Amino acid sequence: MTVKGIPAYLQVAGAIGDRIAAGEFTPGSRLPTRVSFARHYDVSETVVQSAVSSLVRQGQVRRDPHSTALYASEEGSEVAEVDLAQALRRLDVVEEQLAQILSEASSTGPAVQGRGFGGGAWPGRSVLRGVSVLREAGSVLARLRARSGRAHGRTA
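Model, not experiment: these values are computed from the prediction.

A. Seen up close, helix 1 (residues 8-21). When the terminal C-alpha atoms of helix 1 are compared, their 20 Å separation across 14 residues agrees well with the 20 Å that a helix rising 1.5 Å per residue should span. Burial of helix 1 is extensive: twelve of the 14 residues sit out of reach of the surface. Here helix 1 has its buried residues at Leu10, Gln11, Val12, Ala13, Gly14, Ala15, Ile16, Gly17, Asp18, Arg19, Ile20 and Ala21. Gly23, located one to two residues past helix 1, shows a positive phi value of around 90°.

B. A look at the nonpolar core. Grouped together as the largest cluster of nonpolar side chains are 19 residues, with contacts concentrated most on Val12, Ile16, Leu31, Phe37 and Tyr41. Of all elements in the fold, only helix 1, helix 2 (34-41), helix 3 (45-58) and strand 2 (70-72) reach the threshold of two or more residues within this core. Beyond its immediate chain neighbours, meaning those up to four positions away, Leu31 contacts Phe25, Phe37, Val61, Leu70, Tyr71 and Ala72.

C. Highlighting unusual backbone geometry. Backbone geometry at Asp42 places phi at a positive 55°, although glycine is not the residue there. Relative to the assigned elements, Asp42 resides in the loop between helix 2 and helix 3. Residue classification places Asp42 among the exposed positions, given a relative accessible area of 69%.

D. Quick peek at helix 3. When the terminal C-alpha atoms of helix 3 are compared, their 20 Å separation across 14 residues agrees well with the 20 Å that a helix rising 1.5 Å per residue should span. Turning to helix 3, its buried residues number three or more, namely Val47, Val48, Ala51, Val52, Ser53, Ser54, Leu55 and Gln58. Of the residues flanking the end of helix 3, it is Gly59, one or two places downstream, whose phi is positive at about 85°.

E. Structural detail: the packing of aromatic side chains. If you walk through the whole model with that rule in mind, you get two aromatic pairs. Ring geometry for Phe25 and Phe37: centres 6.3 Å apart, planes at 90°, overall edge-to-face. One end of the pair, Phe25, is in the loop between helix 1 and helix 2; the other, Phe37, is in helix 2, and twelve residues separate them in sequence. There is no split in this pair, since Phe25 and Phe37 are both buried. Geometrically, the ring pair formed by Phe37 and Tyr41 is stacked, given 6.2 Å between the ring centres and 25° between the ring planes. Of the two residues, Phe37 and Tyr41 are both situated in helix 2; the distance of four residues between them amounts to about one turn of the helix. Tyr41 matches Phe37 in its accessibility class, with the two residues each being buried. Aromatic rings pair up to connect Phe25, Phe37 and Tyr41 into one cluster.

Parameters at a glance
In every chain, residue numbers begin from 1 and rise along the written sequence. Two thresholds apply to this predicted model, a pLDDT of at least 70 for residue-level local features and 80 or more for giving and counting side-chain atom pairs, whereas whole-chain, interface and lining totals are computed over all residues. The side-chain figures draw on all heavy atoms in the structure; neither hydrogens nor water molecules are used. Note on conventions: DSSP H or I runs of at least 4 residues are helices, E runs of at least 2 residues are strands, and numbering of each starts at the N terminus. Given the number of residues in a helix, its expected span is that number minus one, multiplied by 1.5 Å. For the exposure calls, accessible area comes from a 1.4 Å probe over protein chains only, and a residue counts as buried if that area is under 20% of its type's maximum, exposed if over 50%, partly exposed in between. We call a set of buried residues a nonpolar core when its members are Ala, Val, Leu, Ile, Met, Phe, Trp, Tyr or Cys and they connect through side-chain atoms within 4.5 Å of each other. Between two residues, a contact is recorded if the distance between any of their heavy atoms is within 4.5 Å. Centre distance within 6.5 Å is the pairing criterion for rings of Phe, Tyr and Trp, where only the six-membered ring of Trp is used; planes under 30 degrees apart are then read as stacked, over 60 as edge-to-face, and the remainder as tilted.

Honestly, it's all geometry; don't read function into it.
Here you go:
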């Protein structure tokens, strides 16, 4: 379960989400424990906890408020797909702004120092690379979900 450049918790979240979308875990059904998921995906419980938190935010998993039990949500993956699309649109805006700042930094040098980038603007390049990695992760998750939905008669 390793795809270079994508955090392990996102890979685990994607795999669990795919299993939910595939119907392996029906809406409202109890999911395996975090320990079981950790063993199954050969990751730490911390990675699974982060993956579960991500799935809860996406609306694919819900926690039992009175125990540690996890359940497949009745909402489905549509909520996650909308959230992913919104996040990718926000990344487009951030990427454009960073590209503009980097362009100004290379053409004006010290004039951009007031923005905290100094003359070389290397932090901006680093952030721009981070945006690129996030976009790649989002793209991979979207493709996995689309493939999973088509394979089971659903449209993505």
